[in-house]
Amino acid sequence: MKADTKELPLETMDLQMGPAHPATHGTIKFNLKLTGEKVLDCDVEVGYLHRGFAKSCEQATWTQVIPYTDRLNYSSPLINNVGYAMTVEKLLGVETPPRCQFIRVIVSELSRITDHLTCCGMAASELGAITVGFYMIEAREFLMRIVETLTGARLTTTYTRIGGVKHDLPQDFTGQVTQAFQKVRRLLADCDRLLSRNRIFIDRMSGVGLISQETAIAYGLTGPILRSTGVNYDVRKAEPYLVYDQLEFEVPLGTKGDNYDRFVCRIQEIEQSMRIVEQALREIPLGSISLEDPRVVLPEKEKVYNSIEGLMHHFKIIMEGIQVPPGEVYFAVEGANGELGFYIVSDGGGKPYRLRVRPPSFIAMSACHEMIKGYMVADIVPTFGMINMIAGECDR
Amino acid sequence: MGVKFHGRDSSTILYLQQSLGGRILDSHAFRGDETIVITREGLLEVFLFLKEDPKLDFNFLTDITAVDYLGKKEPRFEVVYHFYSFRAKHRLRVKVGVSEEDPIVDSLVPLWKGANWLEREVWDMFGIRFLGHPDLRRILLYEEFKGHPLRKDYPVNLCQPLVPEREVKGTFVDQRSHNKLMQLKQQFSAKS
């Protein structure tokens, strides 16, 4: 028999995964080169959801850009709203009142929780733990309802304004949040019992999608992916904006930089975000929710309807846009997937001259091939799930 | 006005001016964002210095983008780099002017791998080429797309024609289902 044993001929195979694949939530195409079931090389094609965000922004006034930013990372639209509004405020050289800053922190953290819940729930359900998927979506639903009572929309929030927010917190907001957090904590404890010692889950996640610290930095990764490798970089701590320096929270770090670490980082960040919201709700001061500066903020409706100056003021801001001085700024906030930066160039008119978003998902996808090379085809699914590519932000 | 405003002589810029000298054409720190404009020649050496100088230590390439100043500035384009340093916790913006006739700059891929996709996007959107880039293809748009949409002279509402389906090499096609599909298509066209 010994003479008959032959090596099976191995040939590489090209496989195209996507653009529409049930396990890749989002349109994206992996051009894989396989030997057997192992990934030798991978070329990622993005851009299926490109809609010319930057070009559209150049046609709109500063205020009209805010709805466009909802559509960037549609799992956490409020963080995009906050990031954009703060960049324009930096360009204007103004700072919002403390109550507005607290509200912005609260909505950002609520959004971060919904984003992490979506990401973790979907990643778990793709590995077969569909109960966890449903539990986390249920937990997300409680928070989505809060976002809905606050902003009037689940996804297209458009909550911030340049120089403030749309309106104040609704009545008994603290009570609603406390109740929702109780339910979320209970559900997360259930998920923890379902996953933490689950052999299948740990085998599929641990040691898969490894990326080293050096590679992560060389690719410019941020957010949970970078923190899972042990680099302590969080924009909220490194360059505190809003009132993050007054609030206590920790930045969860990983050690290995694999999918399991990313998952754990995200789950722990949910707890930290809830801590931030609870503190902020305790410490939020009374006061105005937007600037009083007439160059930036629309006049009250009473003035608009009853005085010619008010009407003219309103008309000027709506038709010509806020007059922003010429210059260029870069401002970053910590999005759910990493550093969400805005680079804006103004030529002094009512419209942005150039608006660039630094999309954390896009940059994470550029390192995706490093994370899936050498693993099985089936390992692409959890790795891609934990990168949490949001096509709206990646493709803009 | 609660935002800190640094003057022209912030310490990083002063240090850079001392060490790089004539390579720096302009510098400012508008709203605290330290910015230098450098010459296109010897670009890689400057970036290597930024990366490896122990005092600067800009190990993290945050972003690469470009701006089209059509009719406002000469040279027309500016490639904009943003850096961050994990250790020193400071940021820097570096800008390089690129003319319309010769839109080429050196690629940063040898220094930071993350520059790969960012430079591809700049090529896609602005038509600026990167010398030494391993794989300069379009990234967000498709190969058949004509022009570079973020240039200021690209019309906003321009419609480009649909492209025919591309032949994809190396994919597995099930002949039986393929034949069946062709048959159905023929039947359908014969009827109508």
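Cut-offs used in this document
- Residues numbered from 1 in each chain as written.
- Chains lettered and ligands numbered in written order.
- Predicted model: local features only at pLDDT ≥ 70, side-chain atom pairs only at ≥ 80, totals over all residues.
- Pairing = 2+ DSSP bridges.
- Helix = DSSP H or I, 4+ residues; strand = E, 2+ residues; numbered from the N terminus.
- Axes fitted to C-alpha atoms, helices over the stretch in contact; angles between N-to-C directions.
- Contact = placed C-beta atoms within 7 Å.
- pLDDT = per-residue confidence, 0-100.
- Nonpolar A, V, L, I, M, F, W, Y, C, P; charged D, E, K, R; others polar.
- Expected span 1.5 Å × (residues − 1).
- Buried ≥ 20, exposed ≤ 12 C-beta atoms within 10 Å, placed from the backbone.

Chemist: Hey, could you run me through the sheet that holds strand S2 (residues 29-35) of chain A in this one?
Modeler: Paired through their backbone hydrogen bonds, the strands of a sheet run either parallel or antiparallel. Residues and elements named next belong to chain A. Spatially, three strands are ordered S1-S2-S3 in an open sheet, and the strand pairing comes out antiparallel. What marks the edges here is a single partner per strand, and that holds for strand S1 (12-17) and strand S3 (38-45). For this sheet, the mean inter-axis angle between neighbouring strands, taken without regard to orientation, is 20°. Pairing of S1 with S2 involves six bridges; the strand directions are antiparallel. Bridge pairing in S2 places Met13 opposite Leu34.

Chemist: For this particular structure, what's the right way to read the sheet that holds strand S7 (residues 339-346) of chain A?
Modeler: Residue and element names in this part refer to chain A. Spatially, S6-S7-S8 is the arrangement adopted by the three strands of the open sheet, whose pairing is antiparallel. Each edge of the open sheet carries a strand with a single partner, namely strand S6 (327-334) and strand S8 (354-358). Mean inter-strand twist for the sheet, computed between neighbouring axes without regard to direction, equals 10°. Bridge analysis of S6 against S7 gives eight bridges, and the strand direction is antiparallel. The partner of Tyr330 across the bridge, within S7, is Tyr343. Sheet strands touched by helix H3 (residues 77-92): S6 and S7. Its angle to S6, the strand with the most contacts, is close to 150°.

Chemist: Would you mind showing me how to read the confidence of the model for chain A here?
Modeler: Interpretation of this model should avoid reading the predicted coordinates in detail wherever pLDDT is low. Looking at chain A as a whole, its pLDDT mean stands at 88, while 98% of the residues score no less than 70. Mean pLDDT values over the elements of chain A span from 81, in S1(A), up to 92, in S7(A).

Chemist: Explanation requested: the interface of chain B and chain A in the structure shown.
Modeler: Many authors give the size of an interface as the accessible area that is lost as the parts come together. Taken together, the contact between chain B and chain A spans 31 residues of the former and 35 residues of the latter. Sorting the residues of the side of chain B that touches chain A by element identifies strand S3 (60-68), strand S4 (77-84) and helix H3 (115-126) of chain B as the ones contributing at least two each. The leading source of residues in the side of chain B that touches chain A is S3(B), at six residues. Here the residues of the side of chain B that touches chain A are counted per class, giving 16 nonpolar, nine polar and six charged.

Chemist: What exactly am I supposed to notice about H3(B) here?
Modeler: Three- or four-residue spacings in an α-helix give side chains the same orientation, since the helix completes a turn every 3.6 residues. For H3(B), spanning 12 residues, the distance from its first C-alpha to its last is 16 Å, which sits close to the expected 16 Å at 1.5 Å a residue. Among the 12 residues that make up H3(B), 12 are buried, leaving the element largely enclosed by the rest of the structure. Listing the buried residues of H3(B) in full gives B:Ala115, B:Asn116, B:Trp117, B:Leu118, B:Glu119, B:Arg120, B:Glu121, B:Val122, B:Trp123, B:Asp124, B:Met125 and B:Phe126. For H3(B), the secondary structure elements touched by its buried residues are helix H14 (360-366) of chain A together with S3, S4 and strand S7 (129-131) of chain B. Just downstream of H3(B), B:Gly127 is the residue with a positive phi angle, here 75°.

Chemist: I keep staring at unusual backbone geometry and nothing clicks. Help me out?
Modeler: Backbone phi values are negative for most residues with the exception of glycine, while trans is the configuration of most peptide bonds. Cis rather than trans, the peptide bond between B:Glu74 and B:Pro75 has omega equal to -5°. Tracing the backbone shows B:Pro75 in the loop between S3 and S4. The backbone phi angle of A:Asn388 is positive, close to 55°, even though this residue is not glycine. Mapped onto the elements of the fold, A:Asn388 is located in the loop between helix H16 (380-387) and helix H17 (391-395). With a phi angle near 55°, B:Asp57 is a residue other than glycine that sits in the positive phi range. B:Asp57 sits in the partly exposed class, given 16 other C-beta atoms within 10 Å.

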